[in-house]
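Structural overview
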Amino acid sequence: MMPVRPLRSIRTALTGVTLSGMLMSGPATAQPVQAHPFWHQLLHRFVTPSNAVPLSQTETLPAKAAHLTTATNPAPPSNLTPPTSTAAPAPPAFPDFTDEDRQAELTLSTALTFMLPRTLAPHTPQELCLWGMQALLEIPQSLKAPGHGPVLSASFTFTVQPGTIFSPARVSLLYDHHPLLSTHTPDKDDVAGWSHLSLQLIALLRRDVPQFQLMSDETLLNRFLNGMLARLDPYSRYQSPPPPPSRSDTVTHDQTSPEPPASVGLTLRRTRAHFPVVAALNLNSPLWDAGIIPGDSLTGLDHQSTRQMALPTLQSMLTGPTGSTVTLEFRTQDGRHLMRSFTRGRMADESVFPERKGRYPILRVTHFSSRTAEEVSQYLSTLLPDTPPNNSSPKALPTPPLPGLVLDLRGNHGGILQQAVMTAALFLDHGVIATTEGRAAEANHVWSIQGGDLTNNTPLTLLVDQDTGSAAEVLAAALADQQRAVVTGSSTFGKGMVQISSVMPNGGHLSLTWARITAPQGWSLQGLGVLPQLCTNPQGQFSLQEQLTALRDGHSLMADTLHQSRLIHADTPEKTRLALRQVCPPAPPGPADLSATFALFILPHAYHTAILPLPDTSMLHPAALATP
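An account of the accompanying structure is given in this report. Fair warning: this is a prediction, and the values are worked out from it, not measured in the lab.

**Thoughts on the overall build of the protein chain**
- What the protein chain contains, in helices and strands, is 15 helices and 24 strands.
- Taking all 628 residues of the protein chain together, 47% fall into the buried category.
- Put simply, of all contacts in the protein chain between residues at least 6 apart along the chain, 70% involve residues at least 24 apart.
- Split by element, the accessible area of the protein chain, about 30700 Å² in all, is 56% carbon and sulfur.

**Some details on the pairing of strand 16 (residues 360–365)**
- Among the six residues that make up strand 16, five are buried, leaving the element largely enclosed by the rest of the structure.
- Pairing analysis gives six bridges linking strand 15 (residues 352–357) to strand 16, with the strands arranged antiparallel. When the bridges of strand 16 are listed, Pro 354 appears paired with Leu 363.
- In this antiparallel pair of consecutive strands, strand 15 and strand 16, the connection spans two residues, and Gly 358 shows a positive phi of 65 degrees.
- Across three bridges, strand 16 lies against strand 17 (residues 405–408) in parallel orientation. Directly across from Arg 364, in strand 17, lies its bridge partner Asp 408.

**With respect to the state of the cysteines**
- In the structure shown here, the tally under the stated rule is one disulfide.
- One disulfide bridge connects Cys 535 with Cys 584, the sulfur atoms lying 2.0 Å from each other. Looking down the S-S bond of the Cys 535 and Cys 584 bridge, the torsion is 85 degrees, so its handedness is right-handed. Taken together, the positions of Cys 535 in strand 24 (residues 534–535) and Cys 584 in the loop between helix 12 (574–581) and helix 13 (593–602) put the pair 49 residues apart, joining distant regions of the chain. Exposure class is identical for Cys 535 and Cys 584. Each is buried.

**Structural notes on the environment of Leu 201**
- Looking at the secondary structure, you find Leu 201 in helix 4 (residues 191–208).
- Residues Leu 201 and Leu 180, spaced 21 residues apart in sequence, show a C-alpha to C-alpha distance of 8.8 Å.
- Apart from residues no more than four positions distant in its own chain, Leu 201 is found in contact with Met 133, Leu 136, Leu 173 and Leu 181.

**Quick word on the environment of Gln 541**
- Structurally, the position occupied by Gln 541 is in the loop between strand 24 and helix 10 (544–552).
- Between the C-alpha atom of Gln 541 and that of Leu 557, which follows or precedes it by 16 residues, the distance is 9.4 Å.

**What about helix 10?**
- Among the residues of helix 10, Gln 547, Leu 548, Ala 550 and Leu 551 are the ones counted as buried. Each buried residue of helix 10 sits inside an arc of 160 degrees when the element is viewed along its axis, so together they form one side.
- The inward-facing, buried residues of helix 10 contact strand 24, helix 13 and helix 14 (604–610).
- Looking one or two residues past helix 10, Gly 554 carries a phi angle of roughly 105 degrees, positive in sign.

**Some words on the side chain of Thr 513**
- Looking at the secondary structure, you find Thr 513 in strand 23 (residues 509–518).
- A relative accessible area of 1% places Thr 513 in the buried class.
- Polar contacts involving the side chain of Thr 513 include one to the side chain of Asp 233, which spans 2.8 Å.
- A distance of 2.8 Å separates the side chain of Thr 513 from the side chain of Gln 499, its partner in a polar contact.
- Not counting residues up to four positions away in its chain, the partners in contact with Thr 513 are Arg 118, Thr 119, Leu 120, Asp 233, Tyr 235, Ser 236, Met 497, Val 498 and Gln 499.

**Points about unusual backbone geometry**
- Phi is positive for His 177, which is not a glycine, with a value near 70 degrees.
- Mapped onto the secondary structure, His 177 falls in the loop between strand 6 (170–175) and strand 7 (178–184).
- For Ser 470, which is not a glycine, the phi torsion comes out positive at approximately 55 degrees.
- Positionally, Ser 470 belongs in the loop between strand 20 (460–464) and helix 9 (471–481).

**A short note on the sheet that holds strand 15**
- Spatially, 15-16-17-20-21-24 is the arrangement adopted by the six strands of the open sheet, whose pairing is mixed. Of all strands in the sheet, those bounded by a partner on one side alone are strand 15 and strand 24.

**Describing the packing of helix 3 (residues 125–137) against helix 4**
- One way to put it is that helix 3 packs onto helix 4 with a least axis distance of 9 Å and a crossing angle of 10 degrees. One finds that helix 3 runs roughly parallel with respect to helix 4. Two secondary-structure elements touch here, helix 3 through Pro 125, Gln 126, Cys 129, Leu 130, Met 133, Leu 136 and Leu 137 and helix 4 through Val 191, Trp 194, Leu 197, Ser 198, Leu 201, Ile 202 and Leu 205.

**Points about the environment of His 605**
- For His 605, the location among the structural elements is in helix 14.
- The sequence separation of His 605 and Leu 551 amounts to 54 residues, and the corresponding C-alpha distance is 7.4 Å.
- Every residue in contact with His 605, bar those within four places of it in the chain, is listed here: Leu 551, Arg 552, Asp 553 and Gly 554.

Rules and cut-offs
- Residues numbered from 1 in each chain as written.
- Predicted model: local features only at pLDDT ≥ 70, side-chain atom pairs only at ≥ 80, totals over all residues.
- Heavy atoms only, no water.
- Helix = DSSP H or I, 4+ residues; strand = E, 2+ residues; numbered from the N terminus.
- Buried < 20%, exposed > 50% of the residue type's maximum accessible area, 1.4 Å probe, protein only.
- Contact = heavy atoms within 4.5 Å.
- Areas by Shrake-Rupley, 256 points an atom, 1.4 Å probe, with all protein chains shown as cover.
- Pairing = 2+ DSSP bridges.
- Disulfide = S-S within 2.5 Å.
- Arc of directions from axis to C-beta.
- Polar contact = N/O pair within 3.5 Å; in protein donor to acceptor, adjacent residues only side chain to side chain.
- Axes fitted to C-alpha atoms, helices over the stretch in contact; angles between N-to-C directions.
- Parallel < 35°, antiparallel > 145°, perpendicular 65-115°, else oblique.

In structure tokens:
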């Protein structure tokens, strides 16, 4: 249903790090050579006294804190005696690696190998590891001394000396003015060399610096990797493996927790009617095969009337041991009575929950799991059946289209991108849903669909809020760009990046951003999000009443902002994105969200006007031209 066509590989020019430094032209003179800005940032003085303000991992130290000096050698005054040269103290020898050190080195090497071809911009092992070292040496204020005493003041001078034609590059570290590390650096592209050097630094810190002596290799590796990943983007992260269970955590056969109760996958709700109504059915519920759908009434449970039963009591009676049975009696919406025994079983977690407000059905999608599109399809089949019931004549007319359908994505943080694409395919006949672009060839895809709109062009609105993110934003952007739906609410979260995950040799998980998401009309989601066609945030530039009046009169007050948002690309300044978001700032769900949506269904002309115009009118979706 959803053929995927890979996008051609996107090539990015590699830019290496140029080493530069002091070019010695004689014993008495020195000519400074402009150092690369990257090396300026890595020549830092790390000081964390008790009253120091900790630095963010993405910030740089002020210029006055960097120990970078270049000067010629002036002649000493004639009245001074030249000082006697003394040999600088040698740094301590590297400690022998333990099995824990070797495991951490293997993990770091594997992480670098996984990251290097997949990061959005090219980086070298040298650059990544120096970022990690910098993060490692920024000691948090909360770090205690081994004896749980007060926070110690630590002073680190971390210096990277670029290589010259006469000598290779070196890295050195002073701890309280005493040498801790001084060694040649590996080649900038040497994964094994930089992994080994990084673990040597970790081993030295654990052995010789009190603040680190109680910390494990894994704790320091976690800080190292997450400090490195924070320089790349806001979403890449490393998660350490869970600690092994202690003896007290081990569960014997006699201590096993009781099996959670099974059910028939039925959720009930109370209405003004006498009997509880089916609110939702699990995708695996046996009630689907019996013809039960949301909206039917449960009149009996195990031969007892449900008329006076409290809802919590009913839900409890529906559960029981796996394989047990429960007898249920229903009155369907067409007046039929059905009584049948059903077997309880394990039900998969749900992500779609239906409800109805008056004439309008609402599908609330909480996240995108591996079965979300199937759940949405199942509920759509009950709302818009395309075949007559078994007891109806084959010549029976199909159910007329709904007056409107609401897809509620508020609070949906995303999930599986493919499920968002497949969900979009349920409302579109064809078209591009999203494009993902990255350096790795396998990250590049054009997500397009060929299918059929199951809703028969039913007017569709999407409810969004400040927490609508990632895959949910992809769905909202696709249906808005393809003129299939009106997005209502506030600006969404603005996460337009895709992560890929890998398990490390130590059992930890590395999640790396490797692609950017582009909406069908070619604009970037990252940092912008999806702006609504109808803004319900009271803090927005236009009031809801002003917008509805304008839509009824044939024009949209959000049109200019929406047009500008479709011009956003990956290199657009952040201030431009923020300015657009402020027209309808991100906000939590509001009391006017649903009423504004229903107003669009009641006013067909307003619904048509709110549909986002496309640059090419020949690409209009039939739903944009049909009368709601």
